[in-house]
Amino acid sequence: MANYPASQPGSERHTLSVLVENRPGVLARVAGLFARRAFNINSLSVSPTERPDISRITVTADVEAVPLEQIIKQLNKLLHVLKIVDLDPSNTVERELVLIKVSANESNRSDVLEIVRLFRVRVVDVNPESLTIEATGAEGKIDALLGLLEHYGIIELVRSGSVAMTRGPKALSEKVIGSEITGR
Amino acid sequence: MATPTPLQAFSGVPKAPAAEKQSIVDGEKMTGAQALVRSLEDLGVKDVFGIPGGAILPVYNAINEHTKFRFVLTRHEQAAGHAAEGYAVATGKVGVCIVTSGPGATNVVTAIADANMDSIPMVVITGQVGVGAIGTDAFQEADIVGITYPVAKHSYLVTNAQDVPRVLAEAYYIAGSGRPGPVVVDLTKTAQNGQMYYSWPQRMILPGYNPTTKAHGHVLSDAAKLFSQSYRPVLYVGGGAVRANAGKQVKELADLTGAPIVTTLPARGIVPDSDPKVLGMLGMHGGIAATGAVQRSDLLVAIGARFSDRVTGRLDSFAPAARVIHIDIDPAEIGKNRQPDVPIVGDVAEVLNDLIPEIKRQQAIHSKPNLKPWWAQIDEWREKYPTTYDEPQDAPVDGSLSPQWVVEQLSKQADPETIWVAGVGQHQMWASQLIDFEHPHSWISSGGLGTMGFGLPAAIGAKVGSQREFNGRKPVWLIDGDGSFQMTSEELATALLDHTPIKIAIINNSVYGMVRQWQTLFFNHHYSATSLADGENRDDIVDVPDFVKLAEAYDCVGMRAFTKDEAVEAIKKANEINDRPVLIDFRVWKDAMVWPMVPAGASNDEVAYRPGVRPLLSPAAQAKAAASNTGESVAAADAA
């Protein structure tokens, strides 16, 4: 099986939610594993959750099915990893926050504002030479917005990386036993 | 919703409030260092290896004449690690070593990586600078937890004395359970000097660690069904079966189904070689019968094996017609290199215990498949291509000893209870091919990582284990190469002073033999940097070192053998000496090669019994191979 590198052109996009113990060094273990197994990630975000003992890592990556399975198994071997779910896109709410600084003066500011209105995003800073836009949405919407704004000149861009959650009343962390230890 | 907590995932060290109240006040008051020694005693640890140093001094201060475990002082931290490995394999227990911070910790990394590759249970305790000094580039500071992320099963940084017994209990349990492996416990000076209240037993808190040991679902009946439908089955047994102590079950399965047993390097001896179903080792230097049986099988039963590249050769032509049952305790090994038809996750011994009655049930309904033609084919291979060294090209041309003959003599003259240890290289392959293994846990060798220098310290560890578990009854023979031995030869001091009278056979060909073999076959005889000049058998070249003098410098017995008579006599003497280490310097032929051989990256079908003899190829291809009867034909296959 030619598994490696795990990420190849044309690989399918996957979003993984990884519940980990909220302990020092956990991110280093997870990130190190990705690097070691030649797993290119598009975005990675890590945050506290509704439970103090659990943190949640959301990873998006373009990856083939077989190496993905291997990576999930390897992740499961890390003792601080409690649960991993490969989220089903049809049953998932996925959002990303971006801040975009666009070059805009009086001659084209109204055009940019028209795009802002169309996409239902917000302006958070105005300057005679620029506009800073805050946008949230799924990746497709963000990409479309960026495609339109590119034309005016993007000065600076920052994306938070995707965060995602399954639809419905259940939580991923249900039945997951965390740890009362906060040290290493 | 609960308020979000601060995210600790990024920080290396927990930021504990400075004036944290000691919440636990039950138990005996002591320092963290004393608690570490007490925890090891309460865990039942009987032997510990290591070297002291600045950042671990409080722990060594807590080791005294009342301590319940034996402490073995090595001369290099890498050796402490390998000795713990050798001890663990010989006894089946968790090996423990204690070393200092910084260079002490980095020196032991090789042993940690080796234990990780070969799934050897080991707890490595390293010293660390005080919590306040972490991250300041303090003297002898190294982030050993960070360094060992990729090569350890798990690791701890202990910053609080109160955590010591719990962490030790967890580390010991993690190392020995599931797929065994090395666990690093990095003990800060703060934790060693801090006061705590000791209590035992400790409650372990491991929510993310639940190894599966029993098979689930219908996989057992699926597997049994495959047995009833297969006419060319093979049991491919790996080190996992040794770790699970499953020798009895493997033999029972083979007897029940009639399937032959082939093993990987670490599983040699899992079923005694005297059993006619044992075909020996397969793979790069495996026997023709073993490799051939796997290549032609229609059912491959991998038992605690991981389809390593040294076993499979080119993966897409490995056992091409076989359906695969893969039994392993590590789910990540299933489907990593070969997609199995029946995956079974669980402890090998337990799974086989459950599988055997299931097969018996199936055999009662359907009859047993007829394996006679299969065994006829296997026996033909065994008869035509035995694992010997009596082909014309195997005979030394310079009057020196044949290395294979030396290894065989060692086996013939040895106590049947002997524990065999090897370094890494040609001698290791000859040892695994030619020694008559009759007991599991009697073969200790670095497989996955291939660590030269593993032999001597591992032999010391094995001897300590033999003294502990078997009253010293099992002798330990180390078969080492002159190159491999020199990587850790300082441990002769440990062997003498810690009273581990091991026997050392140096298969001295004066070169890095395995590398030289590849240079002969694949690099046009360009012997770049492989000459060691430590056994040239010439008057104008002084041997450096003189191994006999080296042994004597360490107050060990040293002997040398140039001829067969000298060799037989020296082995006899060595077997009689039991009060100190003995070393024999066997002067062997440097152009001896390890056969059979599959060139790296080639298909196992290309296996060469001797140059130009490819028994597993089609007759037409065999004739072609014979026509180009040179090493270069092997090289051509390697390039292809």
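Residues numbered from 1 in each chain as written. Chains lettered and ligands numbered in written order. Predicted model: local features only at pLDDT ≥ 70, side-chain atom pairs only at ≥ 80, totals over all residues.

Visitor: Go over the packing of helix α3 (residues 77–91) of chain B against helix α5 (residues 109–117) of chain B, please, and point to the residues and values.
Guide: Residues and elements named next belong to chain B. At their nearest, the axes of α3 and α5 sit 7 Å apart, and the two run at 25 degrees to each other. In terms of orientation, α3 and α5 fall into the roughly parallel class. In contact with Gln 78, Gly 81, His 82 and Glu 85 of α3, α5 contributes Thr 110, Ala 111, Ile 112, Asp 114 and Ala 115. Residues that form the contact of α3 with α5 fall into these classes: 3 nonpolar, 4 polar and 2 charged. (Axes fitted to C-alpha atoms, helices over the stretch in contact; angles between N-to-C directions. Helix = DSSP H or I, 4+ residues; strand = E, 2+ residues; numbered from the N terminus. Parallel < 35°, antiparallel > 145°, perpendicular 65-115°, else oblique. Contact = placed C-beta atoms within 7 Å. Nonpolar A, V, L, I, M, F, W, Y, C, P; charged D, E, K, R; others polar.)

Visitor: Please provide a residue-by-residue account of the sheet that holds strand β12 (residues 299–303) of chain B, values included.
Guide: All names here are of chain B. Taken in spatial order, the 6 strands make up an open sheet running β11-β10-β9-β12-β13-β14, and their pairing is parallel. If you trace the sheet from one side to the other, it starts and ends with β11 (278–281) and β14 (342–345), each paired once. Averaged over all neighbouring strand pairs, the angle between strand axes comes to 15 degrees, with direction disregarded. Note: strand β10 (residues 261–263) against β11, 3 bridges, orientation parallel. Counted as the bridge partner of Val 262 is Gly 280 from β11. (Pairing = 2+ DSSP bridges.)

Visitor: Outline the packing of helix α12 (residues 288–296) of chain B against helix α15 (residues 372–384) of chain B, supporting the account with residue identities and numerical values.
Guide: Residues and elements named next belong to chain B. Running from N to C, α12 and α15 cross one another at 150 degrees; their axes reach a closest spacing of 8 Å. Relative to α15, the element α12 lies roughly antiparallel. In terms of crossing hand, the pair formed by α12 and α15 is right-handed. Between α12, through Ile 288, Ala 289, Gly 292 and Ala 293, and α15, the contact on the second element is made entirely by Ile 378, Trp 381 and Arg 382. Residue composition of the contact of α12 with α15, by class: 5 nonpolar, 1 polar and 1 charged. (Left-handed = near helix turned anticlockwise from the far one by under 90°.)

Visitor: Run through the nonpolar core, naming residues and quoting values.
Guide: Of all hydrophobic cores here, the largest spans 194 residues; its most connected members are B:Val250 and B:Ile584. Filtering out sequence-adjacent residues up to four positions away, B:Ile584 remains in contact with B:Ile504, B:Ala505, B:Ile506, B:Met559, B:Ala561, B:Ala570, B:Ile571 and B:Ala574. Among the nonpolar cores identified, the runner-up in size contains 21 residues, and A:Phe39, A:Val59, A:Leu68 and A:Val81 belong to it. (Core = buried A, V, L, I, M, F, W, Y, C linked by C-beta atoms within 7 Å. Buried ≥ 20, exposed ≤ 12 C-beta atoms within 10 Å, placed from the backbone.)

Visitor: An account of the environment of B:Asn471 is needed here, citing residue identities and associated values.
Guide: With respect to the helices, strands and loops of the structure, B:Asn471 is situated in the loop between α18 (455–469) and β17 (476–481). The exposure class of B:Asn471 is exposed, given the 8 C-beta atoms found within 10 Å.

Visitor: So what about the domain arrangement of chain A? Which residues, and what values?
Guide: Residue and element names in this part refer to chain A. Assigned domains within chain A: domain 1 (12–87) and domain 2 (93–164). Of note, the centres of domain 1 and domain 2, computed from C-alpha atoms alone, are 29 Å apart. Residue-level contacts link 8 residues of domain 1 with 6 residues of domain 2. When residues in the side of domain 1 that touches domain 2 are grouped by element, the largest group, 3 residues, is from strand β2 (residues 41–48). Broken down by class, the residue content of the side of domain 1 that touches domain 2 amounts to 2 nonpolar, 6 polar and no charged. (Domains from an automatic or database assignment.)

Visitor: Now, about the sheet that holds strand β15 (residues 419–422) of chain B: what can you tell me, with residues and values included?
Guide: All names here are of chain B. The strand order across the open sheet built from 6 strands is β16-β15-β17-β18-β20-β19, with neighbouring strands paired in parallel fashion. Across the chains shown, the open sheet's two edge strands, defined by having one partner strand only, are β16 (443–444) and β19 (557–561). The pairing of β19 with strand β20 (residues 582–587) spans 5 bridges and is classified as parallel. Among the inter-strand pairings, Met 559 is bridged to a residue of β20, identified as Ile 584.

Visitor: Outline unusual backbone geometry, listing residues and values.
Guide: Geometrically, the link from B:Trp200 to B:Pro201 is a cis peptide bond, its omega value of 0 degrees lying close to zero. Considering the arrangement of structural elements, one finds B:Pro201 in the loop between β8 (195–198) and α9 (219–229). Note that the residue after B:Val544, namely B:Pro545, is joined by a cis bond; omega there is -5 degrees. Here B:Pro545 shows up in the loop between α21 (513–522) and α22 (547–553). Even without a glycine there, the phi angle at A:Arg120 is positive, about 55 degrees. As for its placement among the helices and strands, A:Arg120 is situated in the loop between α3 (109–118) and β6 (122–127). Although it is not a glycine, B:Ser510 adopts a positive phi angle of roughly 70 degrees.

Visitor: Hey, could you go over the UniProt feature "domain: ACT" (unreviewed entry) in chain A for me, with residue numbers and the actual values?
Guide: The positions UniProt marks with the feature "domain: ACT" (unreviewed entry) are residues 15–89 of chain A. The span residues 15–89 of chain A shows a helical share of 32% and a strand share of 41%, and its end C-alpha atoms are spaced 8 Å apart. (UniProt positions renumbered as here; feature names shortened; annotations may be inferred.)

Visitor: Explain α5(B) residue by residue, including any values.
Guide: All names here are of chain B. α5 sits mainly inside the fold: 8 of its 9 residues count as buried. Of the positions making up α5, those classed as buried are Val 109, Thr 110, Ala 111, Ile 112, Asp 114, Ala 115, Asn 116 and Met 117. Looking at the packing, one finds that the buried side of α5 touches α3, α4 (103–107), β5 (122–128), α6 (144–147) and β7 (182–188). Ser 119, located one to two residues past α5, shows a positive phi value of around 50 degrees.

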